[in-house]
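Here are the chains, one letter per residue:
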Amino acid sequence: MAHPRMHRRIAQLALSAALVLIASAPSAAPHASAQVGVAAEPPAVSVSLPLGEQISRTIRLSGPGTPFSPAVYEAQEVPTRSLAAGPAQVALPKQSQRLDATIADKAAANGQTDFLVFLRDQADLSAAYGIRDWAARGRYVYTALTAHAERTQGALRADLAARRLAYEPLWIVNAVRVRGTTADAAALAGRAEVALLRASRTFAVPPPVAPQATTAADDRCSPDAPGNPVCWNIRHIGADRAWSDFGVDGGGVTVANLDTGVSFRHAALASSYRGNLGGGRLDHSYSWYDPQGSQQAPADTNGHGTHTMGTIAGQGDGTASQPSVGVAPGARWIAAQGCDGFLCSEFDLMSAAQWLLAPTDLSGQNPRPDLRPMIVNNSWGGAGGNDWYAGYTAAWRAAGIFPVFAAGNAESSRPQACGTISSPGDYADVVAVGATDRDDRVTSFSLLGPTADGRTKPDVTAPGAYTTSQIGIMSASITDNTSYRALQGTSMATPHVAGLVALLWSANPALVGDYDATYALLRETAVGISDTRCGGAPGTPNNIYGAGRIDAYTAVARARVDVPWLIVPPGGPTLAADGSATLNVTLAADRVPGPGTYRARLQVFSGDLGQAPTTVEVVMNVAPIAGAAVVSGRVLSQEGGPVAATVGVEGGLGTPTDSAGNYTLTLKPGSHTLAASALSYMPGRRAVSAASGANSGQDIVLPPDQARVSVATQTLSANLTFGNDQYVAVPLANTGTRTLYYTAETPADRFSLWRSDSGEPGAPAYSWVDLPPEAPALTLGADGFAEEIPLGLSFPLYSYVLTETLVTADGMLSFDTPYGYRGPSSRCLPADELGFYTIAPLRADLDPSRGGAVRYGTVNSGQTFVLSYEGVPRDDGPAGETYTFQALLHNDGRVVFQYKELAQTTTAMSIGIQRTPWDFQQIGCGGTLPVHDGLAIELRPQVSSAAWMQVEPAEGALAPGQQAELRLRLSWARPSAPGPYRGQIRLSSNDPLRPAVSVPVEVSIAPAPHEYALPTVRR
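Residues numbered from 1 in each chain as written. Predicted model: local features only at pLDDT ≥ 70, side-chain atom pairs only at ≥ 80, totals over all residues. Heavy atoms only, no water.

A. Quick peek at the overall build of the chain. Assigned secondary structure in the chain consists of 13 helices and 55 strands. Taking all 1019 residues of the chain together, the buried fraction comes to 55%. Total accessible area on the chain stands at roughly 39,500 Å², and carbon and sulfur atoms take up 50% of it. (Helix = DSSP H or I, 4+ residues; strand = E, 2+ residues; numbered from the N terminus. Buried < 20%, exposed > 50% of the residue type's maximum accessible area, 1.4 Å probe, protein only. Areas by Shrake-Rupley, 256 points an atom, 1.4 Å probe, with all protein chains shown as cover.)

Below is the structure:
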C-alpha cells in the first residue's frame, strides 16, 4: 500500500556546523496558473544601415499591472552551442554489496526499517543540456524522470503491494522507499531490475555557535568600522559596490535553501519572500516545503536556516538597527526544510531535493518545474568520499540548477587536515566553499581537500569568520523578527557564493542555467591565495583556498553584458501616463569591426521579479560602403611575441586576433582610436587616420598586467669549512605591474637527487634489472598490500636499519604498517594512507589483480633489493594501459627508481620519499610528472639541507618595480656521507607565469679538522 509521506525520521545527515541554502531562479508568480510578462511592440527590431552610421528605434512596453517598473538588460545573442553537459544519468550510490548489511542491523531493533530500493535502469537526461529555455528545460527533466519511473517501477510496485509493504515511489532517482523486514529486503534484492538496497544513516548535528552580544548592531556587523550599516563581510567581497556601481542586487532571481527552515517574518527577509504577495497576502504554495507535512508556513526552530538565508538575500534599510547582511538583497527566496532541529534525515534531504526540481502546492500536488530554484545552497554534509547524494545533484544540474555546498567544519572526530572535505561538497559537479577570515586566511575550522580520488577542492572560499577562530558573520536571528546574531562556519561562507551567483545571473540573464560559464567567472575573478600544504604546485587553485576568495565586484563587472553597438539610455524606459513605457535604443554601425549581420537581445523584466524576462531580438545589418578603410596590424607583447587579444574601435565591438596576433578592421575613413585588450595585459590604444583602401602596419603593443618574479636560477655553490658560515645574497625583483607576494623556504631535503638524463658527472645510468623467472610474485588486489617482505640485506633509512618491508598494490614500499589502508588518499605527498617511512617510485591507484605482476628479489651479491612492477594497469584505466617500473634499495642507503614503460601519467600520481607526513621530499606530482621511459632517478642520503641552509625573509611583498634580496645562510654540518649535498630555495609567488621557482643549492662540506673519541667509562 503506497502512501505519499512517511513521517518517521530514520536516516540523519550531519550539518557542517552551520547550514546553507538553495537558490532559485526567476519564474512565474507561485499562485498564477500561467506566466504574464511584459508586452513589447515591436516584439523584435531589425534595421539595415551603412557602415559608420547610427539609427534609433522606439520600443513600447506594457506590463501586467500597475505599478509597472520595467528593467532592461542587454544580452548577447543565444549561443548556438549547447550548454556544457554534466552527468547524463543520475548516479547510484557506490556500495560493495547489493544488499546493505546495515538494513538487518536496523531491522533487528523494531522488526522493520525504512530503506531505499534503487533500480538499475536510470533515466537519460543528456538532452536537457541542449535546452536553453528555462521553463522548457525544467519541464523536460521533470517529464523524463517521472515518466521513466512510472514505466519501470510497475512490477516492483506490484510486488510491494502483494507483500503488503508500505512504500513511496520516487522519481528524482529511479527508486522506491520501502518499510519492511530483513527478509523483505533480501527478497527484493533478488529481483533482476534492482541495483541495490540502501539503509538509512544517522549523524549528529552540532548546535549553532552562541550569538554575540546584542549591543549596537553596527558594531556587531562591522567590528572594523562602527557605524557602517553594511556588514564587513559584504564589503570585503565588494557586493555593496556591485549594488551601487552597477545597479545589480540580485533582482529577477529567486533563491532557496535546503536547511532547517526560515523565519519568513524577519524584517530582513519578509518582503523578499516569494510567498509574500503584498498587501498582507501570503501564499506558501510553491515557496515552502516541509517533508514532514507539519509546518504549513516557513518556520525555523534551529535558526541556522534563517541565518544562512539572511546572508544570501537579507535586506537592510541603511540603519544600524537593520544592517545590510545579504549579498543579493534584491533576490526573492523560497525554502525547503531538510533538517529538523539538529537532525537531518537522509530521506528528508532526498525528498526536499525532489521537491526543488518541481515545487508543489502545500498538499504536494500540481508540480511546477518552471518554479524550481536556480541556485541550490547547502550547508549540510557528512564525511567525505560518500556519493549517496550524487544522483540528486546530477538531476539538479540537468535541470540547470546551480548547486553550492559547504566544505564542512572541523570537529573533534574530524580535525582540520588535508583530505577531510565533506560530501556532497567533494562531488565533481557542485561548488564547494571553504571559509576565510577578514585577512583572507583560511579559518581554523574549514575542512581541506583534496578529495578521496585526488581532485582539488574546495572550489572557492568566502568569509566565514571575522578572525580565524573568533566572532563570525552577522545575519538574521530567530530570537525575534528584528534581531541579528553572529555565527561562524563554512555554512556561513557558503551563502556568500550562492548570493554571488544570484548577482551574476541578475547582471547577465544569459548565464542562467549555464553552470560552466558561471563557474568560470567565480574562479577567474577570485582573489588567488597560494598554499601548498595539501599538495599541488604553488599558486591557485589549491586544496586550501581553491581558486581563492570570491570577489563579487570583479565577477559582476565581468559578467555585466554591454553590447557595444546597441546603445540603451542609462535611465531605462520612460513611463507614460497610461502605465506603459517607451524605450529608445540606438544601433551604431560605427562601433563594429566591419560589414555584416550583428545580433543581440534586450531582456525586459516587469516589476514582478519572479517573472521570466520578455526577450526583444535585435538585428543590425551593416552594409559595405565605397572607399572603406581596411586597417590591419598585429597585437604584440613588450617582448615582441603575438598576443591573443581583441581589437576594435575604442568603445566598440572587438574582433579576435589570429594565432599570430593579426587583426583586420573595415571602417569608415577618418580618425579612429583603436583599442586592444587581453587577459593579463594592460589595455593598449593606437590613434589612426584611416584613408580609403589598405592601412597596414598598425601594430599595438600591450604591457603585461601581472606580478612578475625575477630571480636567477643558476645553481648556488659553496665549500663549507668547519666553524665558518657563508652568506649568499639572492637578488629578487618584481618586474610586473601588480604587487608580487612571495614565500621562500628551504625544504628539508634528506636525499640529493640525481637523474640519468642530466648529463652531469656522477649521474646514475639506467640499467633495468631482469629478475629471474623464479623470483617471488606478490598476490595483491586493488588497494591491497603485503607485509614482511624480506629485503635480503640491511637497508639504512633515516635513523633505522631495516631488513623487511611492506609493499602496496599502489606503487609504494613502507616500513610502517598502515591503519585502515584504502589506497592513495591524495594526489600529492604526503601519503597519509601510509604515514611513516614510505618510498614511492610511482604512487598511483594501480591494480595488479587486473594484470601484470609485482615481483621482488635480492641481486648484486646481496647488496641490492629490487621491487619490480611489471605491466600493471590502473584501477580506473584501460587494461591495456600499463606501468613497468622498479625501486632499487642499496645496502648503502641509496634508492633508485627506474622507469621502463609508462602509460599516460595522471593528476593522481606522485613520486618521492617520506619520513613522516610532515617531513617528505616530493620529486613530482600531477599529470606532468618529471619521468619518462628509460629514466633512472637516484636518491643519495645526505645531511638534511635544513641542517646547513636557511633563507630569510620567509615571506614578503614587492611593489611593481621594487627589488629586494633573499639572504641565504650556509653553515657547516658534520658530513655523514660523501657529497656534494644538494638543497633548494623554493620560491612561491602570485606570478601566473612562474608560480613556483626553485633555486638549486649545492655544497661541499669539508670534514672537521680534528675529531676526538671520548671513551665511555663504566663502573
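Moving on, there is more to tell.
B. Fine view of the packing of aromatic side chains. Scanning the entire structure with this criterion turns up 25 aromatic pairs. With 4.7 Å between their ring centres and 35° between their planes, Y273 and W333 make a pair best called tilted. Taken together, the residues span a long stretch of sequence, with Y273 in the loop between β10 (254–259) and β11 (276–278) and W333 in strand β14 (residues 332–337) at a distance of 60 residues. Like Y273, the residue W333 is buried in the burial classification. Taking the centre distance of 5.4 Å and the plane angle of 80° together, the rings of Y800 and Y837 count as edge-to-face. (Phe/Tyr/Trp six-rings, centres within 6.5 Å; stacked < 30°, edge-to-face > 60°.)

C. Up close: the sheet that holds strand β38 (residues 740–745). Reading across the sheet, the five strands line up as β36-β55-β54-β38-β52 and stay open at both edges, with mixed pairing between neighbours. Pairing within the sheet leaves two strands with one partner each, and these edge strands are β36 (716–720) and β52 (955–958). For this sheet the average axis-to-axis angle between neighbouring strands, irrespective of direction, equals 25°. The pairing of β36 with strand β55 (residues 996–1005) spans five bridges and is parallel. Residue pairing across strands places S717 opposite E1002, the latter belonging to β55. (Pairing = 2+ DSSP bridges. Axes fitted to C-alpha atoms, helices over the stretch in contact; angles between N-to-C directions.)

D. Structural detail: the sheet that holds strand β16 (residues 375–378). The strand order across the open sheet built from seven strands is β13-β14-β10-β16-β17-β18-β19, with neighbouring strands paired in parallel fashion. Unpaired on one side and paired on the other, β13 (288–289) and β19 (460–463) mark the two borders of the sheet. Bridge count for β10 against β14 is six bridges, and the pairing is parallel. Bridge pairing in β14 places L258 opposite A336.

E. Summary view of the packing of helix α11 (residues 490–507) against helix α12 (residues 515–524). The contact between α11 and α12 brings their axes to 11 Å, and the two run at 115°. α12 is crossed by α11, and the crossing has right-handed handedness. Here α11 contributes V497, L500, V501, L504 and W505 to the contact with α12, which in turn contributes T518, L521 and L522. Here the contact of α11 with α12 is built from residues that sort into seven nonpolar, one polar and no charged. (Left-handed = near helix turned anticlockwise from the far one by under 90°. Contact = heavy atoms within 4.5 Å. Nonpolar A, V, L, I, M, F, W, Y, C, P; charged D, E, K, R; others polar.)

F. Focus on the side chain of S475. One can find S475 in strand β20 (residues 473–476). A polar contact is formed between the side chain of S475 and the backbone oxygen of H307, at a distance of 2.6 Å. If near-sequence neighbours (up to four positions away) are discounted, S475 is found in contact with T306, H307, G310, T311, V325, Y484 and R485. (Polar contact = N/O pair within 3.5 Å; in protein donor to acceptor, adjacent residues only side chain to side chain.)

G. Geometry of the pairing of strand β44 (residues 853–859). Alignment of β44 against strand β45 (residues 864–873), held across seven bridges, turns out to be antiparallel. Paired with A853 across the two strands is E870, which belongs to β45. Hairpin connection from β44 to β45: four residues lie between these consecutive antiparallel strands, with N860 at a positive phi of about 60°.

H. Geometry of the pattern of salt bridges. On inspection of all chains with the given rule, the structure shows 33 salt bridges. The partner of D453 in a salt bridge is R455, with the nearest N and O atoms 3.2 Å apart. Classification of R455 by relative accessible area gives partly exposed; the value is 28%. Through salt bridges that share partners, D114, E168, R177 and R179 make up one connected network. (Salt bridge = Lys/Arg side-chain N within 4 Å of Asp/Glu carboxyl O.)

I. Quick look at the state of the cysteines. Counted by the stated rule, this structure contains two disulfides. Here C418 connects covalently by a disulfide to C534, the sulfurs 2.0 Å from one another. Judged by the torsion about the S-S bond (-85°), the C418/C534 disulfide is left-handed. A residue pair is termed long-range when its members are at least 10 positions apart, and C418 in the loop between β17 (402–406) and β18 (431–436) and C534 in the loop between α12 and α13 (552–559) qualify at 116 residues. Taking relative accessible area as the criterion, C418 reaches 25% and is therefore assigned partly exposed. Its relative accessible area of 7% is what places C534 among the buried residues. (Disulfide = S-S within 2.5 Å.)

Without other data, these values stay purely geometric and don't point to any function.
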